[in-house]
Amino acid sequence: GPPEGIDLQETWAVIDGTGSSSKAKLPIVQFSLLAVEEAALLLEQAAGRSGELSGGAERASFLVELLGLLLDRMQVHVDFVLASTVMPVHSKQGGANSANKTIEAVAFAGDCSGVAHRALDKIMAMCLSKDVQAQTSAALCLANWERSVEESATRCVKAVVDHAISEINSALDDQKKSEFKPRGDSPPSDSPTAACVHVATLMTQYASSWQSLLRGGPNYKSMLKTFGLRVVQAYIAHVRKFVVSTGGGVQLLRDVSTVRMAVETWGITAVNDGFDMLREVSSIYIVGLESVPSLAQDGTMLSRMSKGTLIELVGRRSDCSPAQAAKLLSTADS
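Residues numbered from 1 in each chain as written. Predicted model: local features only at pLDDT ≥ 70, side-chain atom pairs only at ≥ 80, totals over all residues. Heavy atoms only, no water.

## With respect to the overall build of the protein
- In terms of helices and strands, the protein carries 13 helices and 0 strands.
- Along the protein, helices and strands appear, N-terminal first, in the series α-α-α-α-α-α-α-α-α-α-α-α-α.
- Relative to its full complement of 334 residues, the protein shows a buried share of 46%.
- A fraction of 74% describes how many contacts in the protein between residues 6 or more apart in sequence connect residues 24 or more apart. (Helix = DSSP H or I, 4+ residues; strand = E, 2+ residues; numbered from the N terminus. Buried < 20%, exposed > 50% of the residue type's maximum accessible area, 1.4 Å probe, protein only. Contact = heavy atoms within 4.5 Å.)

Here it is as structure tokens:
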């Protein structure tokens, strides 16, 4: 058992938010972090007093068990924070504020990981420095916990990106059919469409908000990459809803290039490549029909697409049916 003077019940009460030092009026994420930090401090105190135990093996066993209990309780708390903040994102009332709270929860999970690492480092230095087996057990305990937290945070991130993509799709729904097939195929506007401007604005706003909440760390870059690539997918699905003329293809190219400029500052190669591929998709509608197969030759960006998707995109040309597109691309392959 623990050395005299260590109140494990109070430790768990602090983690669960019911202890005497709980600060219930604080926002949930701030309060939760205070709780786990306080619990880690009690754990460190236990480590300092564990010298009262009779043998090194007994002391090491106690500390590893205590660390495991701490991590278990932290996991429960992390899951609670993630669940309590991610749920509003799926509701009709969910919006940018709800999504921001969810991102705060992801940052909180990372902060908890830092707290756990600091506690483990101090315990290692104090009492486990000469016990290799105990060190291994403690490190494994922490690694398993971090894996579990990462899975929880990944689910949380997916919910936020899902919400952001729903906003992108809503903006794209405002696209007018005449913008991609203007009457008489007259020259398109020199400006991007309103739907495109809305998409670019949303992406910039989300990136700025996430950078602030996630402090520009690796989670921020990972989230931007996931988000950017899903916007590329959303645009491909969007184009497949329209009949596109030559003039409409020029307008699509202008729109895609506008969004490409908005994401270029992110510095994520995969996202830039995705929007470069969308520019190639725009070319499908600009070049003559006989030149389309050359756009999809081996080594081009369009060659990475599935044949079915490519045929469907070509079939959205105003001068080409899906059957003609299939024949055109099959002939090119033979």
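## Overview of the nonpolar core
- Counting residues in each nonpolar core, the largest one holds 55 residues, and the members touching the most others are M203, W210, F227, W266 and F275.
- Elements with a contribution of two residues or more to this core: α5 (132–172), α7 (194–213), α8 (218–239), α9 (246–264), α10 (269–286), α11 (292–295), α12 (307–314) and α13 (322–333).
- Top contributing element to this core by residue count: α8, with 9 residues. (Core = buried A, V, L, I, M, F, W, Y, C linked by side-chain atoms within 4.5 Å.)

## Section: the packing of aromatic side chains
- Counted by the stated rule, this structure contains 5 aromatic pairs.
- Aromatic pair Y206 and W210: ring centres 5.3 Å apart, planes at 40 degrees, arrangement tilted. Remark: W210 and Y206 occur in helix α7; sequence separation between them is 4 residues, near one turn of the helix. For the pair shown, Y206 and W210 are each scored as buried.
- Taking the centre distance of 6.3 Å and the plane angle of 25 degrees together, the rings of F227 and W266 count as stacked. Residue F227 is located in helix α8, and its partner W266 is located in the loop between α9 and α10; the two are separated by 39 residues in the primary sequence. The burial state of F227 is the same as that of W266; both residues are buried.
- These aromatic residues form a ring-pair network of at least three members: Y206, W210, F227 and W266. (Phe/Tyr/Trp six-rings, centres within 6.5 Å; stacked < 30°, edge-to-face > 60°.)

## What about the side chain of D276?
- Along the chain, D276 turns up in helix α10.
- Accessibility expressed as a relative area gives 17% for D276, which makes it buried.
- In this structure, D276 is in contact with R260 and M301, ignoring residues within four places of it in sequence.

## As for the environment of I286
- Inspection of the secondary structure assignment puts I286 in helix α10.
- C-alpha separation for the pair I286 and G248, spaced 38 residues apart in sequence, amounts to 8.2 Å.
- Setting aside residues no more than four positions away along its own chain, I286 makes contact with T246, G249, V250 and L253.

## Points about α10
- In a regular helix each residue adds 1.5 Å, so 18 residues correspond to 26 Å; α10 covers 26 Å between its end C-alpha atoms and thus fits that length.
- For α10, the set of buried residues is V271, N272, G274, F275, D276, M277, L278, V281, S282, S283, I284 and Y285. (Expected span 1.5 Å × (residues − 1).)

## Some points on the pattern of salt bridges
- Going through the model one piece at a time under the given rule, you end up with 7 salt bridges.
- Of the charged contacts, one joins E312 and R240 as a salt bridge, the two residues approaching to 2.6 Å between their closest N and O atoms. Residue E312 is found in helix α12, and its partner R240 is found in the loop between α8 and α9; the two are separated by 72 residues along the sequence.
- Residue E312 is classed as partly exposed on the basis of its relative accessible area of 34%. (Salt bridge = Lys/Arg side-chain N within 4 Å of Asp/Glu carboxyl O.)

## Thoughts on the confidence of the model for the protein
- When pLDDT is averaged along the protein, the result is 76, and 59% of the positions lie at 70 or above.
- Looking over the protein, one finds the lowest element-wise mean pLDDT in helix α1 (residues 8–16), namely 44, and the highest in α10, namely 96.
- Confidence drops under pLDDT 50 across residues 1–29; counting only partners more than four residues distant or on other chains, this segment forms 57 contacts.
- In the model, residues 86–95 has pLDDT below 50 throughout and makes 14 contacts with residues more than four positions away in sequence or in other chains. (pLDDT = per-residue confidence, 0-100.)

## Focus: the packing of α9 against α10
- With their axes 8 Å apart at the nearest point, α9 and α10 run at an angle of 170 degrees to one another. Considering their axes alone, α9 and α10 lie roughly antiparallel with respect to each other. Together, T246, G249, V250, L252, L253, V256, S257, V259, R260, V263 and E264 of α9 and V271, N272, F275, D276, L278, R279, S282, Y285 and I286 of α10 make up the contact between the two elements.
- Of the residues contributing to the contact of α9 with α10, the split by class is 11 nonpolar, 5 polar and 4 charged. (Axes fitted to C-alpha atoms, helices over the stretch in contact; angles between N-to-C directions. Parallel < 35°, antiparallel > 145°, perpendicular 65-115°, else oblique. Nonpolar A, V, L, I, M, F, W, Y, C, P; charged D, E, K, R; others polar.)

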